[in-house]
Amino acid sequence: MKFITILGARPQFIKAAPVSRELRKRHTELIVHTGQHYDKNMSDIFFEELNIPKPDYNLEIGSSSHGKQTGRMLEKVEDILLTETPDYVLVYGDTNSTLAGALAACKLHIPVVHVEAGLRSFNKKMPEEINRIMTDHVSEYLFCPTKTAVKNLENENVDAKIINVGDVMYDAVEYNRQLAETQSRILENQQIKPGSYHLITVHRAENTDDPIKLSNILDAFAQIEEMKVWPLHPRTKNKISEYGLDLSSIPNLKIIEPVGYLDMLKMESNAKKILTDSGGVQKEAYFVQVPCVTMREQTEWVETLEDDANILVGTNTDEIVQAVIKEVEPSYKPYFGSADAAEKIVEQLT
Ligand code: UD1
Ligand code: UDP
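Report follows, based on the coordinates.

Criteria and cut-off values
- Residues numbered from 1 in each chain as written.
- Chains lettered and ligands numbered in written order.
- Predicted model: local features only at pLDDT ≥ 70, side-chain atom pairs only at ≥ 80, totals over all residues.
- Heavy atoms only, no water.
- Near = heavy atom within 4 Å.
- Polar contact = N/O pair within 3.5 Å; in protein donor to acceptor, adjacent residues only side chain to side chain.
- Areas by Shrake-Rupley, 256 points an atom, 1.4 Å probe, with all protein chains shown as cover.
- Helix = DSSP H or I, 4+ residues; strand = E, 2+ residues; numbered from the N terminus.
- Nonpolar A, V, L, I, M, F, W, Y, C, P; charged D, E, K, R; others polar.
- Buried < 20%, exposed > 50% of the residue type's maximum accessible area, 1.4 Å probe, protein only.
- Arc of directions from axis to C-beta.
- Salt bridge = Lys/Arg side-chain N within 4 Å of Asp/Glu carboxyl O.
- Pairing = 2+ DSSP bridges.
- Right-handed = clockwise from strand over helix to strand, strands pointing away.
- Axes fitted to C-alpha atoms, helices over the stretch in contact; angles between N-to-C directions.
- Parallel < 35°, antiparallel > 145°, perpendicular 65-115°, else oblique.
- Left-handed = near helix turned anticlockwise from the far one by under 90°.
- Contact = heavy atoms within 4.5 Å.

This part is about the site of ligand 1. Ligand 1 sits among 20 residues. The nearest are His37, Asn96, Glu128, His203 and Arg235. Contact between ligand 1 and asparagine 96: an oxygen atom at 2.8 Å from a main-chain N or O atom of the residue. At 3.0 Å from an oxygen atom of ligand 1 is found a side-chain nitrogen or oxygen belonging to asparagine 238. Protein chains shield 87% of the accessible area of ligand 1, which is 750 Å² for the free molecule. Every element with two or more residues in the shell around ligand 1 is listed here: helix 3 (66-84), helix 5 (127-138) and helix 11 (234-242).

Here's what the structure looks like:
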């Protein structure tokens, strides 16, 4: 069978890697990169490190407002689908590239396969929530990472084949963890000792596009004495500069460029705590069993909240600081499957 995979943003490269590897053992796959992410360290680095086949098409859409970005993708994806006439279109997660791929395909009556289906934050102000709902409702196959995701879809009476296969990001972590430990030199290069630092990522629109929230977050970092390493997402870098916020008053802070997946895994595994608003990073913290503090009002990954493995704090400065200081001893449960989600997906599709 012929599959077209549509992706475009950093987390999708990581999710697609294990599925692509399995899929190509038995089927034909073409990759369409929308170009939503385009900096080398937001895109190419993942294709190289994770051995993802080079995209067959790069639409070079780049950054713009939601409507423009999604619309431009939609138009170009449609042309490719009309030329290539695949049996299935595969999309991942919840970005504008996911929505554009799903919409283009379903209007041409090409069955859509959504991987990481059924997640809900129940906050429709988040662009990701709209992308997830829309994509799930036009897909024919919904591969869910957790039981909660299955329940969410059942509650919405989604008319599709719904299957809990576990989380493809768990596949990716298990596949690359040892490699990261032996190959990554990021700790030496940054001169940081294992267990001595907090790892930070912040990029969600609901935090970065609100100067008050973003400065509350920075104020919290300023009150945390320990070493902090922060690979800075380009969106956040731009917003910090646009709002004239000052990072120099934050002690023991290492701001670095976004890193590749192996460096990221190595930094996550050896961190004291992880402070994030990322969906993927919350889960990876759980997989590598490092306590997490999530600077958002809701999380889709509710399983991670059990036992304080992940503390949801919003963007109140004091609450962030208290959660980081708090001593926790979580236990971790196999909520995310057994790191064979990609195999299960391909088995089902075959
Ligand atoms: C997108 C997804 C978000 C996901 C995130 C992963 C949507 C609506 N949002 O957010 O769900 O969590 O990717 O990282 O799809 N930029 C660069 N270089 C790049 C990419 C982006 O400089 O390679 C800058 C541009 O200024 C751009 C901004 O980052 O305007 C935002 O990029 P965009 O792709 O629109 O959204 P993300 O915030 O990355
Ligand atoms: N990631 C990375 N380098 C970085 C920051 C994140 O490789 O500098 C990886 C991270 O390990 C995870 C994914 O990117 O696998 C998460 O993507 P992101 O946080 O951009 O998006 P989200 O998951 O919130 O949609």
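Next comes the rest of the write-up.
Our next topic: the site of ligand 2. Contacts to ligand 2 come from 19 residues, most closely from Val259, Ser278, Gly279, Gly280 and Glu284. Within the side chain of arginine 204, a nitrogen or oxygen atom sits 3.0 Å from an oxygen atom of ligand 2. In this structure, glycine 280 approaches ligand 2 through a main-chain N or O atom, which is 2.8 Å from an oxygen atom. At the level of secondary structure, the elements contributing two or more residues to the shell around ligand 2 comprise helix 1 (10-26), helix 12 (261-269) and helix 13 (279-287). Per-element tally for the shell around ligand 2: the top contributor is helix 13, with four residues. For the shell around ligand 2, the class distribution of residues is ten nonpolar, five polar and four charged.

Another aspect to go through is helix 11. Along an α-helix, residues three or four positions apart point the same way, because every turn accommodates 3.6 residues. Looking only at helix 11, the buried set comprises Thr236, Lys239 and Ile240. Looking down the long axis of helix 11, one finds its buried residues gathered within 100° of arc, a one-sided arrangement. Structural note: helix 11 exposes Asn238, Ser241 and Glu242 on the side pointing more than 90 degrees away from its buried face. Looking at the residues trailing helix 11, positive phi occurs at glycine 244, about 65°.

The final tally for this structure, using the stated rule, is 26 salt bridges. Between arginine 120 and glutamate 156 there is a salt bridge; the shortest N-O distance is 2.6 Å. Of the two residues, arginine 120 sits in the loop between strand 5 (112-115) and helix 5 while glutamate 156 sits in the loop between helix 6 (147-155) and strand 7 (161-164), which places them 36 residues apart along the sequence. A relative accessible area of 3% means that arginine 120 is categorised as buried. Note that glutamate 188 is salt-bridged to arginine 185, the shortest N-O span being 3.2 Å. For arginine 185, a relative accessible area of 42% corresponds to the partly exposed category.

With that out of the way, let us pick up the pairing of strand 8 (residues 197-201). Taking burial as the measure, the five residues of strand 8 include five buried ones, the bulk of the element. Neither face of strand 8 is exposed, since Tyr197, Leu199 and Thr201 on one face and His198 and Ile200 on the opposite face are all buried. Pairing geometry for strand 8 and strand 9 (residues 227-231), over three bridges, is parallel. Along strand 9, the bridge assignment pairs tyrosine 197 with methionine 227. As paired strands, strand 8 and strand 11 (residues 273-276) are joined by four bridges and run parallel to one another. By the bridge assignment, isoleucine 200 is partnered in strand 11 with leucine 275.

Two elements, strand 6 (residues 141-144) and strand 7, share four bridges in a ladder whose sense is parallel. In the sheet register, cysteine 144 faces strand 7, and the bridge partner there is asparagine 164. One crossover worth recording links strand 6 to the parallel strand 7 by way of helix 6, and it is right-handed.

Another point: the packing of helix 7 (residues 168-183) against helix 13. The relative placement of two packed helices is expressed as an angle between their axes plus a distance between the axes. At a minimum axis distance of 10 Å, the contact between helix 7 and helix 13 shows a crossing angle of 55°. On the basis of their axis angle, the class for helix 7 and helix 13 is oblique. Considering how the two elements wind past one another, helix 7 and helix 13 form a crossing that is right-handed. Contact with helix 7, carried on its side by Met169, Tyr170, Val173 and Arg177, involves Gly280, Lys283, Glu284 and Phe287 of helix 13 and no other residues of that element. Tallied by class, residues from the contact of helix 7 with helix 13 come to four nonpolar, one polar and three charged.

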